[in-house]
Amino acid sequence: MMEPRGVRIKRMRRKRRKQMAKAAASSFALSSSIVVGAHFISPTYAQFNSTDEANSTIEACFIFPRTIEQDYVIKSEDVFKKLDEEIQQALSLKSSISEIDADAKLKNVKPYPNGHTNPSEPASDSSASIKGLTATRSSLESHINSLQNNISTAKQDLNAISSLSSQLSASIQQLENYNNALETAVTKSKTHTEEITTLLDTINGFKDQAITECTYEETYFEEQITKMESYSKDAETLITQAKEEQTASLEKIKSYNDKLNQLRNMESNIQDEISKFESSIDHLNSRISDIDAQIQKLEKEQQEAEQKKKAEKEAADKKKKENKPPEEQPATPPTNDKPNEVETKPADEPEVEQPTEEQSQEEQPQEEQNSTSESDSETPQQNESPSENAETTSEEAK
């Protein structure tokens, strides 16, 4: 808390009186040495001028130029340099803070859920044919691909948001450190400016007396006081700059925190959308599994129906073939059940020699002549040997 001006002036006056007493003592010692020295050096002059007259001609000054420069001007400069160093050190932290244009970084991120809605699901095929089910399955697979693309885009947006959130969090921390450093520098600067103000008040307090009693030129004090006032004004300028930086950093922190909350909401919405997409994909995969099972069932039924139809056709062809009359049935070559068995003629039937072509022509008239007699004799012979005829018939059948 700043000391009231009245109290500060009283304190400075007490200090000034002490300084004046100290200066008077020094002046008295100096004047004494001069007077004593005068008696030893010039007795005639000493006799002519009394000690009282000598003391009256020596004036004691309570403040000297060296004291003013060291204790007031130079000290004010040192205090200002310390204040300037502290504030400049705090201000230098600003260069390490990254400026972030969050809106520019989010221009490619679409809003959720409006930006990536769950597309409509294909309807089921009521005909339940293999062709219809296959078409529905293809539509569902295309739908899944679309959802997977949405998930991929959403995850890219999540990565962008996560990266930006990390950058904002880091910048917020840097801004908070910057603001704390400025606050510390401003607090210390108040003490420094009060110290410079006190030095100015003190020198202004004894300026008129010093001009009167110590024969100072007025321009001397004006020069020294102007230097000290410039330090005070520069200090106030630095403090004002630090306070403005504090205000700007606090506004930036608020802006970044608002943007960070917005990013967290976006991230939550994207996560919800991804969950919806994944749930839809699971549902569609379940439908595809059902369709695959249905197609497999229909294919099996179709295969069984084709096999049944084929069997019925074969049975009908066989039955039709069996119902044909013998003359329409195709001739089948005789099968020899015993291929190794050689046919033999009956033992009682002699082998007849086949006549040659010339013999046939020679014997033909003779046969014609004997045909009548042979026919007459064959009838009773056949009646007489029926068993022989039966044997011949059986042999022909073989």
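Residues numbered from 1 in each chain as written. Predicted model: local features only at pLDDT ≥ 70, side-chain atom pairs only at ≥ 80, totals over all residues. Heavy atoms only, no water.

### A short note on the overall build of the protein
- Within the protein, the secondary structure is distributed over 9 helices and 0 strands.
- Listing every helix and strand of the protein by position from the N terminus yields α-α-α-α-α-α-α-α-α.
- Here the protein holds 398 residues, and the buried ones make up 26% of them.
- Sequence separation of 24 or more characterises 88% of the internal contacts of the protein that already satisfy a separation of 6 or more.
- By element, 48% of the accessible surface of the protein is carried by carbon and sulfur atoms, the whole surface being about 28200 Å². (Helix = DSSP H or I, 4+ residues; strand = E, 2+ residues; numbered from the N terminus. Buried < 20%, exposed > 50% of the residue type's maximum accessible area, 1.4 Å probe, protein only. Contact = heavy atoms within 4.5 Å. Areas by Shrake-Rupley, 256 points an atom, 1.4 Å probe, with all protein chains shown as cover.)

### Considerations on the pattern of salt bridges
- In total, this model carries 7 salt bridges according to the counting rule given.
- The closest approach of N and O atoms between Asp103 and Lys259, which form a salt bridge, is 2.7 Å. Of the two residues, Asp103 sits in helix α5 (residues 102-105) while Lys259 sits in helix α7 (residues 218-322), which places them 156 residues apart along the sequence.
- Overall, Asp103 belongs to the exposed group, its relative accessible area being 52%.
- Among the ionic pairs, Arg137 bridges to Asp292, the shortest N-O distance being 2.5 Å. Of this pair, Arg137 sits in helix α6 (residues 130-213) while Asp292 sits in helix α7, placing them 155 residues apart in sequence.
- Its relative accessible area of 24% is what places Arg137 among the partly exposed residues.
- By relative accessible area, which is 30% here, Asp292 ends up partly exposed. (Salt bridge = Lys/Arg side-chain N within 4 Å of Asp/Glu carboxyl O.)

### Considering unusual backbone geometry
- With a phi close to 50°, Thr215 is a non-glycine residue in the positive phi region.
- Here Thr215 shows up in the loop between α6 and α7.

### Some words on a negative patch on the surface
- Among the surface-exposed residues, Asp208, Glu218, Glu222 and Glu223 lie close enough to one another that they form a single negatively charged patch.
- When residues of the negative patch are assigned to their parent elements, the largest contribution, 3 residues, is made by α7.
- Mapped onto the elements, Glu223 comes out in helix α7.
- The exposure class of Glu223 is partly exposed, given its relative accessible area of 49%. (Patch = residues over 30% accessible without salt bridge, like charges linked within 9 Å, V, L, I, M, F, W, Y side chains within 5 Å. Lys, Arg positive; Asp, Glu negative; His and termini not counted. Charge placed at Lys NZ, Arg CZ, Asp CG, Glu CD.)

### Some thoughts on the nonpolar core
- With 52 residues, the main nonpolar core has Ile63, Ile68, Ile87, Ile203, Phe206, Tyr216 and Phe221 as its most contacted residues.
- Elements that contribute at least two residues to this core include exactly α4 (65-91), α6 and α7.
- In this structure Phe221 touches Ile68, Ile203, Phe206, Lys207, Ala210, Ile211 and Tyr216, once residues within four positions along its chain are discounted.
- If you look at the next biggest cluster of nonpolar residues, it comprises 11 residues, including Ile144, Leu147, Ile151 and Ile288. (Core = buried A, V, L, I, M, F, W, Y, C linked by side-chain atoms within 4.5 Å.)

### Let's talk about α4
- The end-to-end C-alpha separation of α4 is 37 Å, in line with the 39 Å expected for 27 residues at 1.5 Å each.
- A maximum bend of about 30° is found in α4 at Lys75. (Expected span 1.5 Å × (residues − 1). Bend = angle between axes of the 7 residues up to and from the residue.)

### Brief notes about the state of the cysteines
- Here the structure, examined in full by the defined rule, presents 1 disulfide.
- Sulfur-sulfur distance for the disulfide between Cys61 and Cys214 comes to 1.8 Å. Its S-S torsion of about 110° marks the bond between Cys61 and Cys214 as right-handed, since a negative value means left-handed. On the criterion of sequence distance, the pair formed by Cys61 in the loop between α3 (51-57) and α4 and Cys214 in the loop between α6 and α7 is long-range, its members being 153 residues apart. Both residues of the pair, Cys61 and Cys214, count as buried. (Disulfide = S-S within 2.5 Å.)

### Here we look at α6
- The end-to-end C-alpha distance of α6, which contains 84 residues, comes to 122 Å, matching closely the 124 Å that a straight helix rising 1.5 Å per residue would cover.
- Along α6, the largest kink reaches about 40° and is centred on Lys207.
- After α6 finishes, the residue Thr215 shows a positive phi value of roughly 50°.

### Structural notes on the packing of α4 against α7
- Packing of α4 against α7 leaves a shortest axis separation of 10 Å and a crossing angle of 15°. It follows that α4 is roughly parallel to α7 by the angle criterion. Crossing of α4 against α7: the hand is left-handed. (Axes fitted to C-alpha atoms, helices over the stretch in contact; angles between N-to-C directions. Parallel < 35°, antiparallel > 145°, perpendicular 65-115°, else oblique. Left-handed = near helix turned anticlockwise from the far one by under 90°.)

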